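Topology and contacts: notes
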Amino acid sequence: MTESLIINIATMILFLPLLGFAVVLFFGKKYPKIYLFEVADMLLVLLLSIFVMIAKIGYFPGSIVYSFNWIDFGNVPFFGNTVIELGIEIDNVSAIMLVVVNLISFLVHMFSIGYMKGDSRYTRYFAYLGLFTFSMLGIVITHNLLMMYIFWELVGLSSYLLIGFWYEKKSASDAGKKAFLVNRVGDIGMFIGILILYANYHTFTFADIYAQMQSGILPFGSEAWLTAAGILIFMGAVGKSAQFPLHVWLPDAMEGPTPVSALIHAATMVAAGVYLLIKIFVMLTADAMLVIAVTGAVTSFVAATIALTQNDIKKVLAYSTVSQLGYMVMAVGSGAYLFAFFHLVTHAFFKACLFLGSGSVIHAMHHEQDIRAMGGLRKKMPLTYMTFLISTLAISGVPLTSGFLSKDGLLAGTLAFGNLTGHWLIPIFGFTVALMTAFYMFRLVIKTFHGKPRDMHKYEHAHESTFVMAMPLVVLSALSIFIWYTPNPISADAGWFASSWVQTPESVVPQDLRFEFMQTDTHETAAAEHHITHSEMYTEAMHSAHYPAMFLSLGLGGLGILLAFMMYQWKKINSWKLAMSMKPLYNFSLNKWYIDELYHATVIAGTLGLAKMLTWFDQKIIDGIVNGSAWLAKFVSKMSDLFDTFVVDGLVNFTAFFSGFIGLTFRRFQTGKVQTYLVFVIFSLIVLLVIFRPF
Amino acid sequence: MDGFPILSLLTFLPVLGMIIILFLPKEQSNTIKYTTLVITSLQVVFAVILLGNYNYGAGGIFEQSSFQFIEKFRWIEITGISWIGTVKVDYFMGVDGISVPMVLLTAIISFIATLSSWNIKSQLKGYFALFLLLDTGMMGVFVSLDFFLFYIFWELMLLPMYFLIGIWGGPRKEYAAIKFFIYTLFGSIFILLVMIGLYFSATETIASGERVFTFNMLALMDQTNYSPDGILSPFNPENMRLVAYIALFVGFAIKIPMFPFHTWLPDAHVEAPTPISVILAGVLLKMGTYGILRISYPMFPDITRDLMWYIALFGMVNIIYGALVALAQKDFKKLIAYSSISHMGYVLLGMASLSTTGIAGAVFQMFNHGTITAMLFLIVGVIYDRTHTRGINDFGGLANQMPVYTGFVTVAFFAAIGLPSLSGFVSEALVFVGAFGQESIRVLTMISTLGILLGAAYMLWTLQRIFFGTLPEKWNKLLDIDKREYAMFIPLTIIIIFLGIYPSAMLDIMNTSVNTLVDYVAVSFQNMQLSGF
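Residues numbered from 1 in each chain as written. Chains lettered and ligands numbered in written order. Predicted model: local features only at pLDDT ≥ 70, side-chain atom pairs only at ≥ 80, totals over all residues.

1. Things to note about the overall build of chain A
Going by this rule: Helix and strand assignments come from DSSP, with helices taken as H or I runs of at least 4 residues and strands as E runs of at least 2, each series counted from the N terminus. Throughout, radius of gyration means the C-alpha value; the globule benchmark is 2.2 Å times the number of residues raised to the power 0.38. The exposure label follows from counting other C-beta atoms within 10 Å of a residue's C-beta, where the C-beta atoms are placed from the backbone and the thresholds are 20 or more for buried and 12 or fewer for exposed, leaving partly exposed in between.
Assigned secondary structure in chain A consists of 27 helices and two strands. Compactness check: chain A gives a C-alpha radius of gyration of 38 Å against a globular reference of 26 Å for 695 residues, more than 25% above the reference. Along the first, second and third principal axes, the C-alpha set of chain A runs to 150 × 75 × 60 Å. Across the 695 residues of chain A, 53% fall into the buried class.

2. Concerning the overall build of chain B
This is how it is decided: Note on contacts: each residue gets a C-beta atom placed from the backbone, and two residues are in contact if those atoms are within 7 Å.
Summing up its helical and strand segments, chain B has 21 helices and four strands in all. The buried share of chain B, reckoned over its 533 residues, is 60%. Within chain B, residue pairs in contact and separated by at least 24 positions form 78% of the contacts whose partners lie at least 6 positions apart.

3. Focus on the nonpolar core
Looking at soluble globular proteins, one finds that nonpolar side chains tend to be buried together. Inclusion rule: Here a nonpolar core is just a set of buried residues of the types Ala, Val, Leu, Ile, Met, Phe, Trp, Tyr and Cys, joined wherever their C-beta atoms sit within 7 Å.
By size, the foremost hydrophobic cluster in this structure holds 438 residues, and its most contacted members are Val274, Leu277, Val332, Ala340 and Ala352 of chain A together with Val103 of chain B. Sorting elements by how many residues they give to this core places helix H14 (residues 337-364) of chain A first, with 18 residues.

4. Concerning helix H18 (residues 425-449) of chain A
Residue and element names in this part refer to chain A. For clarity, the threshold we go by: Multiply 1.5 Å by the residue count of a helix minus one, and that product is the helix's expected span.
Relative to the 36 Å expected for 25 residues at 1.5 Å per residue, H18 spans 36 Å between its end C-alpha atoms, a close match to the ideal helical length. Where burial is concerned, most of H18 is hidden: 20 out of the 25 residues are buried. Count one or two residues on from H18 and you reach Gly451, which has phi positive near 70°.

5. Focus on helix H13 (residues 332-352) of chain B
Residue and element names in this part refer to chain B. Across its 21 residues, H13 extends 31 Å between first and last C-alpha, which sits within 8% of the 30 Å expected from 1.5 Å per residue. Of all 21 residues making up H13, 21 are buried, and the element is well covered by its neighbours. Phi turns positive, to about 50°, at Leu354, one or two residues after H13.

6. Some words on the environment of Tyr440 of chain A
All names here are of chain A. Relative to the elements of secondary structure, Tyr440 occurs in helix H18. For Tyr440, a count of 26 C-beta atoms within 10 Å corresponds to the buried category. Tyr440 sits 129 residues away from Asn311 along the chain, and the two C-alpha atoms are 11 Å apart. Once residues lying within four places of it in the same chain are set aside, the contact partners of Tyr440 are Ala307, Leu308, Val316 and Ser320.

7. With respect to the confidence of the model for chain B
The line we're drawing: Each residue carries a pLDDT score, the predictor's confidence in it, ranging from 0 to 100.
Averaged over chain B, the pLDDT score is 91; the fraction of residues at 70 or greater is 98%. Here the prediction assigns the complex a pTM of 0.92, and the interface score ipTM is 0.93.

8. A short note on the environment of Ser427 of chain B
Residues and elements named next belong to chain B. Position of Ser427 among the secondary structure elements: in helix H17 (residues 423-436). Judged by local crowding, Ser427 falls into the buried class, with 30 C-beta atoms found within 10 Å. Between the C-alpha atoms of Ser427 and Ala362, which are 65 residues apart in sequence, the distance is 6.7 Å. With near-sequence residues (within four places) excluded, Ser427 lies in contact with Gly361, Phe364, Gln365 and Asn368.

9. Some points on the interface of chain B and chain A
Often the size quoted for an interface is simply the accessible area lost on bringing the parts together. Our working definition: Polarity classes work like this: nonpolar for Ala, Val, Leu, Ile, Met, Phe, Trp, Tyr, Cys and Pro, charged for Asp, Glu, Lys and Arg, and polar for all others, with Gly in that last group.
Every contact between the two is made by 43 residues of chain B and, on the other side, 38 residues of chain A. Within the residue set of the side of chain B that touches chain A, elements represented by two or more residues are helix H12 (301-327), helix H14 (356-387), H17, helix H19 (450-467) and helix H21 (504-530) of chain B. Element by element, the count of residues in the side of chain B that touches chain A is highest for H21 of chain B, at nine residues. Across the side of chain B that touches chain A, the residue classes break down as 28 nonpolar, 14 polar and one charged.

10. Section: the pairing of strand S1 (residues 68-81) of chain B
Residue and element names in this part refer to chain B. Note the following rule: For two strands to be treated as a pair, DSSP must find no fewer than two bridges joining them.
Bridge count for S1 against strand S2 (residues 85-95) is nine bridges, and the pairing is antiparallel. Residue pairing in the sheet places Gln68 in a bridge with Val95 of S2. Linking S1 back to S2 in an antiparallel pair, the connection comprises three residues.

Dropping the structure here:
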């Protein structure tokens, strides 16, 4: 087995879904069954990526890189030979990610066969899924920021196409547009961040940039620019991973078909932001990390408070996704690299399961999404219920599930972070969210599956899903069990995933720009005295945070579950009365903190107003000046015409006229009679004498 | 290819076609159309042959020996004029990496525009004769290396354009045509003045050994040819180079069009028939930016460097202003016209960077804007032909009625938005990379990135209003595109996708020349100045 084999297979993994897209798009009309090609294609891609993961992790400790010159500028003045490289890099993280993406993608393809049955654009749908998978895999295996950006935008496109898949509905096409535009806001920041790095390092390749940073070269020679670059690239993640304040697109994205929500808007694409952060983790300064941690904490808190009161099954899951993504971002910001990625993986499985489960319910309920119309479905749909429940236990952090492991590690990480840096707000947010998560998830389960059916008609028609839809649920819920990740159900540390597959890389930013616990060799003497290095200081803090974090999160999770049962199952607490007793808070949560309304009133109205104003300015002022000068030119020429006619020509004519007049007048005097002349002479003489009075 | 006058052939082939058409009887409309089609197809073939024989390694810009396919002979020579001596004008043509993309673009767009002209109903003979004359004018501008010749082609293209808009245009055609004509002529006067100023400032040695005033662009770029007392000579301490530069820039800027000289464009586009809009957006606008790169930059490197920030500023204003005004348009064609203004701003911004990435991005953007915007105007034309309306809000739900058309629209719109894997992305990205690297215009560049958000906003909003939602009753008989329209869209789509994935195909043509230009403007000339020439 050679590296080039891995690279070749990875390239195949990347391009096979694109092939599927093209084939299904162009032949879909003629051969409606061609979508099966896409599904088979994805199965092949999945098998190949499992092979790549095993081979990579088993046989190649280092990362495998292949790159080529995409653009060659030749010998550029000032910089010498300049090329832009594209390429792929397979390391452990991307190898694992390949399997996660392709597994979920394949299962969603399966599920969609049943879910989308009867849709008028059935084959088109599968083509788009292929396009999405291709774009997502590009993000996973890129070895440089430019290609990351390229595929970043391409997942944006496929997300746009799939959110607005039912474009006859205005809400759907609105949501697609909103998703694309909100993401672009983040992308602009990311793009500028990339520009900062390129302007200084003249390469887009991660490894080359990091090598130069490690040798002490700072962007524009300043620490602030390095922090800025980190935060700006993070803006891309804020958009894609729906972080506050750009989270508003994700709940709306639920307008897309539910399997799409599972694949793109829960498990993979939205996690791309976190994946980006993992890729750039080593270049984040302490300031940048703090910004990231706070953003993640605020996001997870805001989203969780909104999820408490939503009544649309998909909206609850959407806000829960935002909240969990906030968790991961917060974890990266607080240095818990490993658990951020671990949670990304476990969350991908259980959240995909939850979404597909909700899809199963929605399908059975004839596109009813309001949980107030559901209830008692566990009898009708036992398999959906069981898988949904397992995933709910996982997201709530109940032991024996994968979610417990990753969430516990993640929260321990924030606790250690709070302990080491004094930023206690981060773990406080983290644990509060754990309480809320358990509560709203069980509220969802109870309202949907327990109790008595609220809409008997729809309940009567509900039925358990067929094999193609049930199989993915079973697989995904099985992956929400601890055993796949570690033999020890209460600690991930012993497991292969956390102990050997993924390792936190060494930061490349100057020592004094890192958090103290991430510094390595500045305090050598101190380290020698205490017999620990500073990265071990972090390990130590993690260890001591492990049990407090576990008990705290277990306690809070249990409390959340208990509250949900008290309110919705046993009705010991009247939830409506409780809501009314704090009506302003309830409304605030129900209306999603009025953030959409705020944006509409400010950014959107402002931009459109400015656009209208400038259009007026363009037509009245600028074009007014143009037309005005034309008018002026015409006016001047008319005036010159008039001047010409009346003054210049007038003078000419007047001269002519005058001489004529004189001629005419004086002709009268030339009568030819001597007597008349004599009279004139005498008359003139008298006049002259009167005038000059010589006497 | 030695000695074969391929550039003259490319330039005057359409005139040949025009003559044939003038001899054809009016009634034979099909013969007239097919003659034009054959001529423009041949032009594409010759452009491809030119590309096939083009040496990618030669720089051009200021050095005659590294220009290719040169044709040079004395065109006008009058000796013994009192204080001037000999007046001579050369017929001087040649191409380098900056003109070849434009030659290709002109050939392709003329061909596509011919296909799009199939629907012209009235006075076919006159239309196609003028159309071909326009083609000659455009091609001539991009291959001329003598300022006098350049100016003739520049003006030559005005006349047919005036009639093509004024006769075959929409309801306000007279207003639009005269506005276009006078505005451009206004700019031409500035160019003419600077041309004469340059003429009397520099001399070159002719075969007889005599030093004579010259219109030769390459001689005008060589600062050693300037006499110390010439009004535009860098040696003259009281020179008027700054004023001349601005005048020349305004002359070219009107064509781009650059804010605030842009208002002729929306009017011209709205009134012009579809193929003329396609040519206007596809080729004509590039003549402005091409002129700046070909003439202003190498002839005035010192002033260019001084005014770099202002060029970037106007680029930024074009990007943002054009996009914001486009956002408020309700007429589909006007929206595309303003988006075109916005996208030409990227060209200005890239040029202002004075870096290889930025200028290569700018020239690439000129080509991409040519293909993408041409496609957008074709798209407007398709829907206007069928419905005779362009109001964005008159439509809705066309996606189900015209699925293939919608597919092409989606490609073109996303290309305009700058989606990676389509050509527009690469050029815009290179513009930003180049401009960001230049410290003095970094802030302007950062503001300009807002353009990619606004661009997405107006494009996606338009896509939604026209193609999504429910179909109004009255449009349920609209037909999807026919074979001829396929033939217009497919080549452009292929180019857009191909250059998005493999941009080197175009960038490699221009890289050597762009490097030469950057080196000449930013390095060599400065060294010359430092060493007192």
